[in-house]
Amino acid sequence: MPKDYLLGNNYPNPFNSNTKIPYEVHKRTKMSLDLYDINGRHIMNLEKGFKESGKYIEDLNASNLSSGQYIVRFRTPEGIQSEKISLVK
């Protein structure tokens, strides 16, 4: 596991329209948190910029998206982590 950043599991999962995506950074770093469909197409940017060391929770409102599987990608200069999430309407 990376020691400088961590993408947690969203909750609830599966979810209906709204979910929370936790992540941590252990030192000041540039980051981005993005949502992709299961085919790898970029859907939206959830967060981007520099973050100070700490724990964060990003709220995702997916009411305008179709039911299905999505990928959350957390990227920093140290690497990339991804989690699969399920939207059920």
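As shown above, the structure is provided for reference.
Because the structure is predicted, anything quoted here is derived from the model rather than measured.

J.: For this particular structure, what's the right way to read the sheet that holds strand E5 (residues 54–61)?
T.: Strands belonging to one sheet form pairs held by backbone hydrogen bonds; the direction of such a pair is parallel or antiparallel. Spatially, three strands are ordered E1-E2-E5 in an open sheet, and the strand pairing comes out antiparallel. Each of the sheet's edge strands pairs with one partner strand only, and the pair in question is strand E1 (5–7) and E5. Strand-to-strand twist of the sheet, defined as the mean angle between neighbouring strand axes without regard to direction, takes the value 20°. Note: strand E2 (residues 18–25) against E5, eight bridges, orientation antiparallel. Bridged to tyrosine 23 within E5 is tyrosine 56.

J.: Explanation requested: the nonpolar core in the structure shown.
T.: Nonpolar side chains in soluble globular proteins tend to be buried together. Ranked by internal contacts, the top residues of the largest apolar core, which has 18 residues, are Leu33, Leu35, Leu60 and Phe74. When contributions to this core are tallied by element, the ones reaching two or more residues are E1, E2, strand E3 (29–37), strand E6 (68–76) and strand E7 (79–87). Sequence-distant contacts of leucine 35, that is, excluding residues within four places in its chain, are made with Arg41, His42, Ile43, Met44, Leu46, Leu60, Leu65, Tyr70, Ile71, Val72 and Ile85.

J.: Would you mind showing me how to read unusual backbone geometry here?
T.: A negative phi angle is the norm for most residues apart from glycine, just as the trans form is the norm for most peptide bonds. Here the residue pair tyrosine 11 and proline 12 is connected by a cis peptide bond, since its omega of -10° sits within 30 degrees of zero. Among the secondary structure elements, proline 12 is positioned in the loop between E1 and E2. The omega torsion of the bond from asparagine 13 to proline 14 falls at 5°, within 30 degrees of zero and hence cis. By the element assignment, proline 14 lies in the loop between E1 and E2. Even without a glycine there, the phi angle at serine 17 is positive, about 80°. Mapping serine 17 onto the fold places it in the loop between E1 and E2. Exposure remark for serine 17: the relative accessible area of 16% places this residue in the buried category.

J.: Explain the environment of leucine 35 here, please?
T.: Structurally, leucine 35 is set in strand E3. A relative accessible area of 1% means that leucine 35 is categorised as buried. Here the alpha-carbon distance between leucine 35 and asparagine 10, two residues 25 residues apart in the chain, equals 12 Å.

Calculation notes
Position labels on residues start from 1 in each chain and follow its written sequence. Local features in this predicted model are restricted to residues whose pLDDT is 70 or higher, and side-chain atom pairs enter the listing and the counts only when it is 80 or higher, whereas totals over whole chains, interfaces and linings include all residues. Note that the side-chain values use all heavy atoms of the structure and ignore hydrogens as well as water. Here, strands pair whenever DSSP counts at least two bridges between them. Numbering of helices and strands starts at the N terminus; helices are DSSP runs of H or I of at least 4 residues and strands are runs of E of at least 2. All axes are obtained by fitting lines to C-alpha atoms, using only the stretch in contact for helices, and the reported angles, taken between N-to-C directions, cover 0 to 180 degrees. Note on terminology: a nonpolar core comprises buried Ala, Val, Leu, Ile, Met, Phe, Trp, Tyr and Cys residues joined through side-chain atoms within 4.5 Å. Only protein chains enter the accessibility calculation, which uses a 1.4 Å probe. A residue is then buried if its area is under 20% of the maximum for its type, exposed if over 50%, and partly exposed in between. Throughout, a contact is declared for two residues whenever any of their heavy atoms are within 4.5 Å.

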